[in-house]
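# Topology and contacts: notes
One-letter residues, chain by chain:
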Amino acid sequence: MNNENSLMPLGTLEPDETATMAALSGGRTFTSRCLALGFTPGAEVKMERNSGRGPVVVVVRGMRLALGRDESMRLTVRSRRN
Amino acid sequence: MSGAIKVAFAGAPNTGKSTLFNALTGLKQHTGNWPGKTVEQKVGRYRRNGTRFSLIDLPGSYSLSANSLEEQTSRDFLAIERPDVVVAVVDASTLERNLYLVRELLELGLPLVVALNMMDVATRIGSHIDVALLEAVLGVPVVPLVARKSEGLSRLIDAIEHLARKTSMESGDPLSMGSALEQRIDALDYALPAELALPYPRRWLLTKLLEGDPAVVVAVKAAVSAADWQLIEPQLRDRDATALTIAGARYDWAAAIYRQVVRREKRSASWSERADHVFLHPIGGLLFFMTLIFGVYWLMFSAAAPLQRWLNDLVVDGGSRLETALDGWPDWSVSLLSDGVIGGAGLVLTFIPILAILFLMLAVLEDVGYMARAAFVMDRFMHRIGLRGKSFLPLFIGWGCNVPAITGSRIIESRSARLTTALVAPLVPCSARMVVIALFTATFFGSAAVFVSWGMVMVNLAVLAVMSLLISRFLFRGQQSSFVMELPHYHMPSVRGVLLATWERLRRFVTLAGTVILAMSLIVWFLSTFPGDGVEDSFLGHIGRWLEPVGGLMGLDWRMVIALLTSFVAKEQTIATLGVIMGTGGDSALKTNLSEIMTPAAAVAFIVLQMLFVPCVASVAALRQETGSWRWVAFAVGYMLAISLIGATAVYQGARLLGLGV
């Protein structure tokens, strides 16, 4: 697939992969909290730790954050993966 | 000058806001709750050259959206009380994220001083901030400091004092949201009546309305006429999308300033990141955490337990000395002091050394920044039972004693997760219950005792898992606490901060023992002492007889019922009560007597009952304190009572049907 801008859940990024925030879902309280933490559309997100199970660690706006697995699947990113 | 300058400290978690607050106030602070809320409020005093400052530490929050009770409390205080000066405590090492809150505070139009904390960490990670430029861009004073080392505090006070003495605030241009949003703000401004009986600044109100902030929408709807609302409502239709745009606009602003004032050096991974390769590792991190817990436990029991026993002897000894000293006083008054006051509340206080060690270790782990990592490694498991990683620690502490487990739930930020943790904590089999179980299993099951005990522990943990699932699914539905947590940089713990936090928690425990636990001990003492002599003729004794039919369902006679009832004072009281009622002769006589009055099936039923029965008096008091309402206490007591009675009856009747152990 030669799609340069594929949308995918944040939780599916490989460690060290970088992507751009695209959309948020999962209820107002959750999205509002994420927005305040900097997960606004267009923001760059880097996956730091993702073992395929359990929570992940991402870097957004210079801050390292732990995200639950479910939560990481509710954030959609635009990946530069080919 | 009349009154002190009122200064509020706002800031996100992990910005060192409390460290700064503690550095300024030291012990001249007191902790309470916000009026009518279960959110902690810290107020302190500071004085310099005759000028008095009244400092308020607002709950940590990432934004001024009302996402949690804490955030709403902060926001209402800022918007309605309008303190003389607001100090925005900012972590210099994550400046971009922190500017978001600064921006929201600016939008509220409050007199602001930015405390640029953790300058040392920023330098360490290769981030150089042009403070003068930041000050110019923001248009408010910016004071760099390192609260942990008390650096820059006097300059901060200078800035606060200067700002407070300023008579007029030059209000700068409103911070633009971009033309599309500005048009919508203008349109909404037109629809909203000019005079509103709401305490918020108008532009801020308009923005929050567009964002669809639930609390603001409700307030405005109540303040305007139905006809006006008809005009307003259509403009708020796509609030979710608008919230996204507004947050985006604020972050664009923050990112632009960040790029302008911060120069970043290329550098290799920070010490924190490298350490996290171990601490966050799915296996390594778990092993480390388990070892750490074991270490804390070992410290508690090797260093503090002997001290506890010594204090215990002292209390028991003091009680009997008191009885001698009070020779000639009426019997009831002697018993009141020695059994009620000293035997009840006094005994609880002997746990201070154990708790001191525990609280100290917790404070160190929090201060170092490890707590977030512990929550990370445990989240996978706790998630399955409807809880999140952070709940593990308080629950684990419950093996020793449920009281610190309940009060320890305070480390969890989300209210629903905190309440769930506190409400299931009494199901953790505490050491006092294990003592009772040991006696019964040894009496009835001989060599199989250890398996029965182990099985019972498993039963308790299973009930705990089911209850926490039920509570989080049904009582807090829709308030699912999401696991989104900052991993702060590790740093050396500050001795002052750790000691203050330990002291604060210990003080809370002592207050609890001195008030609620004391009062409850006295009530139970009264019921078990009057009107006759001895427990069997007391009110409690009568209650026990009256409840005998219920006990019969589980194969228990009135003596067992009373023993169970007195376990409300303290779980180990069961044995003491049985000792009193069934005559003396020591441990072995008690065992013989026990096997005479009940069958093995009834014994198992009693074990189930004892393990799951209502929380002890101290736990009830702690639950009241942490949940802030007697209704939650009633809920916890009620569900445990129901489960224990149903469980024990099922065990006994089931065994009878199968003809086992009767």
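Residues numbered from 1 in each chain as written. Chains lettered and ligands numbered in written order. Predicted model: local features only at pLDDT ≥ 70, side-chain atom pairs only at ≥ 80, totals over all residues.

### Here's the deal with the overall build of chain A
What chain A contains, in helices and strands, is two helices and six strands. Helices (α) and strands (β) of chain A occur, in sequence order from the N terminus, as β-β-α-β-β-β-α-β. Over its C-alpha trace chain A gives a radius of gyration of 12 Å, about what one expects of a compact globule, namely 12 Å for 82 residues. Taken along its principal axes, the extent of the C-alpha atoms in chain A is 35 × 25 × 20 Å. Out of the 82 residues belonging to chain A, those deemed buried represent 51%. Partitioning the contacts of chain A with sequence separation of at least 6, the portion at a separation of at least 24 is 58%. (Helix = DSSP H or I, 4+ residues; strand = E, 2+ residues; numbered from the N terminus. Rg over C-alpha atoms; globule rule 2.2 N^0.38 Å. Buried ≥ 20, exposed ≤ 12 C-beta atoms within 10 Å, placed from the backbone. Contact = placed C-beta atoms within 7 Å.)

### Overview of the overall build of chain B
From N to C terminus, chain B includes 30 helices and ten strands. With respect to the three principal axes, the spread of C-alpha positions in chain B is 85 × 55 × 55 Å. Here chain B holds 662 residues, and 44% of them are scored as buried. For chain B, restricting intrachain contacts to residue pairs at least 6 apart in sequence, the fraction spanning at least 24 positions comes to 73%.

### Observations concerning the packing of helix 28 (residues 600–612) of chain B against helix 30 (residues 630–658) of chain B
All names here are of chain B. Two elements in contact, helix 28 and helix 30, have axes separated by 8 Å at closest approach and are oriented at 165°. It follows that helix 28 is roughly antiparallel to helix 30 by the angle criterion. Seen from above, helix 28 lies across helix 30 with right-handed handedness. Where helix 28 approaches helix 30, its residues Ala601, Ala602, Val604, Ala605, Phe606, Val608, Leu609 and Leu612 are matched on the opposing element by Met640, Ile643, Ser644, Gly647, Ala648, Val651, Tyr652, Ala655 and Arg656. Considered class by class, the residues forming the contact of helix 28 with helix 30 number 14 nonpolar, two polar and one charged. (Axes fitted to C-alpha atoms, helices over the stretch in contact; angles between N-to-C directions. Parallel < 35°, antiparallel > 145°, perpendicular 65-115°, else oblique. Left-handed = near helix turned anticlockwise from the far one by under 90°. Nonpolar A, V, L, I, M, F, W, Y, C, P; charged D, E, K, R; others polar.)

### Quick notes on the interface of chain B and chain A
Taken together, the contact pairs 26 residues of chain B with 28 residues of chain A. Counting residues per element, the ones that place at least two in the side of chain B that touches chain A are helix 3 (95–107), helix 11 (239–261), helix 16 (371–383) and strand 10 (484–486) of chain B. Classifying every residue of the side of chain B that touches chain A by side-chain character gives 14 nonpolar, seven polar and five charged. Here strand 5 (residues 63–67) of chain A runs beside strand 10 of chain B; their pairing, made up of three bridges, is antiparallel. (Pairing = 2+ DSSP bridges.)

### Things to note about the packing of helix 8 (residues 202–211) of chain B against helix 9 (residues 214–223) of chain B
Angle between the axes and distance between the axes: these two values describe a pair of packed helices. Residues and elements named next belong to chain B. Between helix 8 and helix 9, the least distance of the axes is 8 Å, while the angle of their chain directions is 110°. It follows that helix 8 is roughly perpendicular to helix 9 by the angle criterion. Handedness of the crossing formed by helix 8 with helix 9: left-handed. Every residue of helix 9 that contacts helix 8 at Leu205, Lys208 and Leu209 is listed here: Val216, Val217 and Val220. Its residues assigned to classes, the contact of helix 8 with helix 9 comprises five nonpolar, no polar and one charged.

### Focus: helix 1 (residues 17–25) of chain B
Counting buried positions along helix 1 of chain B yields eight of nine residues, so the element is predominantly enclosed. Among all positions in helix 1 of chain B, only Lys17, Ser18, Thr19, Leu20, Phe21, Asn22, Ala23 and Leu24 of chain B are buried.

### Details of the pairing of strand 4 (residues 56–60) of chain A
Residue and element names in this part refer to chain A. In terms of burial, strand 4 is largely enclosed, as four of its five residues are buried. Pairing geometry for strand 3 (residues 44–49) and strand 4, over four bridges, is antiparallel. Opposite Arg49, over in strand 4, you have Val57 as the bridge partner. Hairpin connection of strand 3 to strand 4: six residues between the antiparallel strands, including Gly52 at a positive phi of 85°. In this structure, strand 4 lies alongside strand 5, joined through five bridges in antiparallel fashion. Residue pairing for strand 5: Val57 is matched across the bridge by Ala66. Taken together, strand 4 and the strand that follows it, strand 5, pair antiparallel across an intervening segment of two residues, in which Arg61 is found at a positive phi of about 50°.

### A closer look at the sheet that holds strand 6 (residues 75–79) of chain A
The strand order 1(A)-6(A)-2(A)-3(A)-4(A)-5(A)-10(B) describes an open sheet built from seven strands, whose pairing is antiparallel. For this open sheet the edge positions go to strand 1 (6–9) of chain A together with strand 10 of chain B, each flanked by a neighbour on one side alone. For this sheet the average axis-to-axis angle between neighbouring strands, irrespective of direction, equals 40°.

### A few points about unusual backbone geometry
Across the chain, the bulk of peptide bonds are trans and the bulk of non-glycine residues have phi less than zero. In the Ramachandran plot, Arg61 of chain A falls in the positive-phi region, its phi being about 50° despite a non-glycine side chain. If you trace the backbone, Arg61 of chain A turns up in the loop between strand 4 and strand 5. Backbone geometry at Met118 of chain B places phi at a positive 60°, although glycine is not the residue there. Looking at where Met118 of chain B falls in the secondary structure, it is placed in the loop between strand 6 (112–117) and helix 4 (119–124).

### Here's the deal with the confidence of the model for chain B
Residues and elements named next belong to chain B. With 93% of its residues at a pLDDT of at least 70, chain B reaches an overall mean of 85. Mean pLDDT values for the elements of chain B range from 71 in strand 2 (residues 29–33) up to 97 in strand 8 (residues 142–144). For this predicted complex, the interface confidence comes out at an ipTM of 0.93, alongside a pTM of 0.81. (pLDDT = per-residue confidence, 0-100.)

### Thoughts on the domain arrangement of chain B
The domain architecture assigned to chain B consists of domain 1 (5–165), domain 2 (179–264) and domain 3 (517–658). Just the C-alpha atoms count here: the centres of domain 1 of chain B and domain 3 of chain B sit 51 Å apart. (Domains from an automatic or database assignment.)

### Section: the pairing of strand 2 (residues 18–24) of chain A
All names here are of chain A. Where strand 2 and strand 3 come together, three bridges link them in antiparallel fashion. By the bridge assignment for strand 3, Thr20 is matched with Glu44. Direction of pairing for strand 2 relative to strand 6: antiparallel, over a ladder of five bridges. Residue pairing for strand 6: Leu24 is matched across the bridge by Leu75.

### A short note on the environment of Gln625 of chain B
All names here are of chain B. Along the chain, the position of Gln625 falls in helix 29 (residues 617–627). Exposure remark for Gln625: the 21 C-beta atoms within 10 Å place this residue in the buried category. When the C-alpha atoms of Gln625 and Thr407 are compared, they prove to be 8.0 Å apart, with 218 residues separating the residues in sequence.

### Points about helix 2 (residues 69–81) of chain B
For an α-helix the count is 3.6 residues per turn, leaving residues at separations of three or four pointing the same way. All names here are of chain B. Spanning 13 residues, helix 2 covers 17 Å between terminal C-alpha atoms, matching the ideal 18 Å at 1.5 Å per step. For helix 2, the complete set of buried residues consists of Glu70, Glu71, Gln72, Thr73, Ser74, Arg75, Leu78 and Ala79. Immediately beyond the C-terminal end of helix 2, within one or two residues, lies Arg82, with a positive phi of roughly 45°. (Expected span 1.5 Å × (residues − 1).)

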